[in-house]
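Chain residues, written in single-letter form:
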Amino acid sequence: MAIKTTVLKKASKIKLLACDVDGVLTGGEIIVLNNGEEIKIWNVKDGLGYHELKGTLPRIKTAWITGRESEQVRLRAESMGIDYLVQNCMGKKSAFESIMEETGFKASEIAYIGDDIVDIPVLKVAGFSVCPKDANPEVKKYVDYVSSLDGGNGVAREVIEIIMKACGEWKRILEKYK
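### Overview of the nonpolar core
Item 1. Leu 17, Leu 25, Tyr 50, Trp 64, Ile 113 and Phe 128 are the most contacted members of the largest nonpolar core, which has 33 residues in total.
Item 2. Breaking this core down by element, the ones donating at least two residues are helix 1 (5-11), strand 1 (16-19), helix 2 (44-56), helix 3 (71-79), strand 6 (110-113), strand 7 (128-131), helix 7 (155-166) and helix 8 (170-176).
Item 3. With 7 residues, the top contributor of residues to this core is helix 7.
Item 4. Formed by 21 residues, the second largest nonpolar core is a distinct cluster that contains Tyr 84, Ile 110, Ile 120 and Val 139.

If you want it as structure tokens, here you go:
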């Protein structure tokens, strides 16, 4: 896959990778058990991507901003070492701004992956904005890059690879597995 120079330039400046959860890290389906517990399906490709990002470029922080609240999301974020988790948040731009204030990062230094209209305010200001291939059509108007993948199928991994390629680290990662 050839990546546009403008996309690589934006990706090379990233200090924080933030994203929505449902529809980005998962396919958006939610199974609710009789006891109210939610089940989500996570893609292991995203997990490996986050692992490699943290190990290779630890200076890049991570955040998940989601409109729903779920113990499963909290546990997954904890197990993956996500630096900032904001749940039950429909005002995602406020959460984004709070994270910027806490980290001191500029919007131009933050990548954001979102899939639905609630993500548009953040996508409009993020330095590198991305959506899954199956995102709402309105969302696609506001992003720098539309993933080749649907939500829940490794979109975060694809973005992590772009960031690593832009930072000159991807070949080094591949060498570990040869």
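### Focus: the side chain of Thr 26
Item 1. Assignment of secondary structure puts Thr 26 in the loop between strand 1 and strand 2 (31-32).
Item 2. Among the residues examined, Thr 26 registers a relative accessible area of 0% and is labelled buried.
Item 3. Each residue touching Thr 26, except ones within four places of it in the same chain, is listed here: Val 21, Lys 40, Ile 41, Trp 42, Gly 151 and Gly 152.

### Structural notes on the sheet that holds strand 8 (residues 145-146)
Item 1. Overall, parallel pairing links the 6 strands, which are arranged 5-4-1-6-7-8 in an open sheet. Every interior strand has two partners, whereas the edge strands, strand 5 (84-86) and strand 8, have only one.
Item 2. Direction of pairing for strand 6 relative to strand 7: parallel, over a ladder of 3 bridges. Paired with Tyr 112 across the bridge in strand 7 is Ser 129.
Item 3. Along the sheet face, helix 2 touches strand 1 and strand 4 (61-65) and points at about 145 degrees away from the line of strand 4.

### Comments concerning the packing of helix 2 against helix 7
Item 1. Where helix 2 meets helix 7, the axes come as close as 7 Å, and the angle between the chain directions of the two elements is 30 degrees. Taken together, the axis directions place helix 2 and helix 7 in an arrangement best described as roughly parallel. The two elements helix 2 and helix 7 meet at a crossing, and its hand is left-handed. For the pair formed by helix 2 and helix 7, the contact residues are Lys 45, Asp 46, Leu 48, Gly 49, Tyr 50, Glu 52, Leu 53 and Thr 56 on the first element and Val 155, Ala 156, Arg 157, Ile 160 and Met 164 on the second.
Item 2. Here the contact of helix 2 with helix 7 is composed, by residue class, of 7 nonpolar, 2 polar and 4 charged.

### Describing helix 4 (residues 92-103)
Item 1. Taking 1.5 Å of rise per residue, 12 residues should cover 16 Å, and helix 4 covers 16 Å from first to last C-alpha, within 8% of that figure.
Item 2. Buried within helix 4 we find Lys 92, Ala 95, Phe 96 and Ile 99. Each buried residue of helix 4 lies within a common arc of 100 degrees when the element is viewed along its axis, so the set occupies one face.
Item 3. Structurally, helix 4 contributes buried residues whose contacts are with strand 1, strand 4, strand 5, strand 6 and helix 5 (120-123).
Item 4. Phi turns positive, to about 80 degrees, at Gly 104, one or two residues after helix 4.

Cut-offs and rules
Residues numbered from 1 in each chain as written. Predicted model: local features only at pLDDT ≥ 70, side-chain atom pairs only at ≥ 80, totals over all residues. Heavy atoms only, no water. Core = buried A, V, L, I, M, F, W, Y, C linked by side-chain atoms within 4.5 Å. Buried < 20%, exposed > 50% of the residue type's maximum accessible area, 1.4 Å probe, protein only. Helix = DSSP H or I, 4+ residues; strand = E, 2+ residues; numbered from the N terminus. Contact = heavy atoms within 4.5 Å. Pairing = 2+ DSSP bridges. Axes fitted to C-alpha atoms, helices over the stretch in contact; angles between N-to-C directions. Parallel < 35°, antiparallel > 145°, perpendicular 65-115°, else oblique. Left-handed = near helix turned anticlockwise from the far one by under 90°. Nonpolar A, V, L, I, M, F, W, Y, C, P; charged D, E, K, R; others polar. Expected span 1.5 Å × (residues − 1). Arc of directions from axis to C-beta.

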